[in-house]
Amino acid sequence: NGMERMSHCCHTKNKADDELEMTTVCHRPEGLDQLEAQTNFTKQELQILYRGFKNECPSGVVNEETFKHIYAQFFPHGDASMYAHYLFNAFDTTNNGSIKFKDFVMGLSILLRGTLREKLEWTFHLYDINRDGYINREEMTEIVRAIYDMMGKYTYPALKGDVPQQHVDAFFQKMDKNKDGVVTLEEFVIACQEDETMMRSMQLFENVM
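Residues numbered from 1 in each chain as written. Predicted model: local features only at pLDDT ≥ 70, side-chain atom pairs only at ≥ 80, totals over all residues. Heavy atoms only, no water.

**Looking at the overall build of the protein chain**
Then step 1. Helix and strand counts for the protein chain stand at 13 helices and four strands.
Then step 2. Within the protein chain, buried positions represent 44% of all 209 residues.
Then step 3. Contacts in the protein chain between residues at least 24 apart in sequence constitute 64% of all its contacts with a sequence separation of at least 6.
Then step 4. Of the roughly 10,900 Å² that the protein chain leaves accessible, carbon and sulfur atoms contribute 52%. (Helix = DSSP H or I, 4+ residues; strand = E, 2+ residues; numbered from the N terminus. Buried < 20%, exposed > 50% of the residue type's maximum accessible area, 1.4 Å probe, protein only. Contact = heavy atoms within 4.5 Å. Areas by Shrake-Rupley, 256 points an atom, 1.4 Å probe, with all protein chains shown as cover.)

**Points about the confidence of the model for the protein chain**
Then step 1. When pLDDT is averaged along the protein chain, the result is 82; 78% of the residues meet or exceed 70.
Then step 2. Segment residues 7–16 is flagged for pLDDT under 50; beyond a separation of four residues in sequence, or across chains, it makes 14 contacts in the model.
Then step 3. When the criterion is pLDDT under 50, residues 19–29 qualifies, and its contacts beyond four places in sequence or with other chains add up to nine contacts. (pLDDT = per-residue confidence, 0-100.)

**Focus on the nonpolar core**
The nonpolar side chains of a soluble globular protein tend to be buried with one another.
Then step 1. F67, Y71, L126 and M140 are the most contacted members of the largest nonpolar core, which totals 54 residues.
Then step 2. No other element matches helix α9 (residues 137–155), which puts eight residues into this core. (Core = buried A, V, L, I, M, F, W, Y, C linked by side-chain atoms within 4.5 Å.)

**Considerations on the UniProt feature "domain: EF-hand" (unreviewed entry) in the protein chain**
Then step 1. Following the UniProt record, the feature "domain: EF-hand" (unreviewed entry) maps to residues 79–114, 115–150 and 163–198 here.
Then step 2. Secondary structure within residues 79–114 divides into 67% helix and 8% strand; the distance between the first and last C-alpha atoms comes to 28 Å.
Then step 3. Across residues 163–198, the secondary structure splits into 72% helix and 6% strand, with the terminal C-alpha atoms separated by 15 Å. (UniProt positions renumbered as here; feature names shortened; annotations may be inferred.)

**Description of the layout of surface pockets**
Then step 1. Of the pockets and cavities examined, the largest pocket occupies roughly 320 Å³.
Then step 2. If you trace the largest pocket, you find 16 residues lining it, with N89, A90, F91, T93 and R131 closest to the centre.
Then step 3. No other element matches the five residues that helix α7 (residues 101–113) contributes to the lining of the largest pocket.
Then step 4. Residue classes in the lining of the largest pocket are distributed as eight nonpolar, four polar and four charged. (1 Å grid on protein atoms, 1.4 Å probe; cavity = no way out; pocket = protein on both sides within 12 Å on 5 of 7 lines; lining within 4 Å. Points joined across faces, edges and corners; volume = space filled by probe spheres on them. Nonpolar A, V, L, I, M, F, W, Y, C, P; charged D, E, K, R; others polar.)

**Quick word on the pattern of salt bridges**
Then step 1. Summed over all chains, the structure comprises eight salt bridges.
Then step 2. A salt bridge links R117 to E186; its shortest N-O distance comes to 2.7 Å. Here R117 is found in helix α8 (residues 116–127), whereas its partner E186 is found in helix α11 (residues 185–194), with 69 residues between them in sequence.
Then step 3. You can call R117 partly exposed: its relative accessible area is 30%.
Then step 4. R137 is paired through a salt bridge with D169; the nearest N and O atoms lie 2.8 Å apart. (Salt bridge = Lys/Arg side-chain N within 4 Å of Asp/Glu carboxyl O.)

**Brief notes about the packing of aromatic side chains**
Then step 1. Tallied over the entire structure, the rule returns 13 aromatic pairs.
Then step 2. For the pair Y71 and Y83, a centre-to-centre distance of 6.4 Å together with 40° between the ring planes defines the contact as tilted. Here Y71, found in helix α5 (residues 64–72), pairs with Y83, found in helix α6 (residues 81–91); they are 12 residues apart in sequence, far enough to count as distant.
Then step 3. Judged by relative accessible area, Y83 falls into the buried class, the value being 0%.
Then step 4. An aromatic cluster of three or more residues is present, and its members are Y50, F53, F67, Y71, F74, F75, Y83, F88, F91, F101, F104 and W122. (Phe/Tyr/Trp six-rings, centres within 6.5 Å; stacked < 30°, edge-to-face > 60°.)

**Remarks on the packing of α5 against α6**
Then step 1. Viewed as axis vectors pointing N to C, α5 and α6 meet at an angle of 125°, and their least axial separation amounts to 9 Å. Relative to α6, the element α5 is oriented oblique. In terms of crossing hand, the pair formed by α5 and α6 is right-handed. In this structure, α5 uses E64, F67, K68 and Y71 to contact α6, whose residues at the interface are S81, Y83, A84, H85, L87, F88 and F91.
Then step 2. Residues belonging to the contact of α5 with α6 are distributed by class as follows: seven nonpolar, two polar and two charged. (Axes fitted to C-alpha atoms, helices over the stretch in contact; angles between N-to-C directions. Parallel < 35°, antiparallel > 145°, perpendicular 65-115°, else oblique. Left-handed = near helix turned anticlockwise from the far one by under 90°.)

Below, the structure is given as structure tokens:
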């Protein structure tokens, strides 16, 4: 899957490069110790991820265009640009237009090794585009459409009508318990925990990471 492949690209380097990168990594032991404490990765895994990250992004930061370019390679049959845009914003927790290595591994740690609650909270923040603490219909529709665009017409060859909108209507009916037109984090978590099918649909991003 996409993110893991991004993190495994480091294995293609030759030995001399490898040792050079290891030296670079060893120059920041305090950073690695801190990240080991803050994530679910071992120091060795963090070194491998760091080498992969530096391989793709020698500057040490990823901007949105680079992120979209990397992501597009994993979805040749669809248009991944909108989904990559929202995913980029979810990783860019400081909202400064770039993803540093720390942002990348903190997000990856939750998505690959986090608890169910942590994964659902991360997904909620992905859907909460304007970051006001609620998901409204428009936001959910934007993300669901972006996922359909990315998976491409080969994945959904016979779509009839506005399927993303139908999906969103069904989700909202189940999630918006108090019928106030928005979904809170708690409503989102409870609905996903109660309905495995919905959780799989909402976390479709797990397959596209």
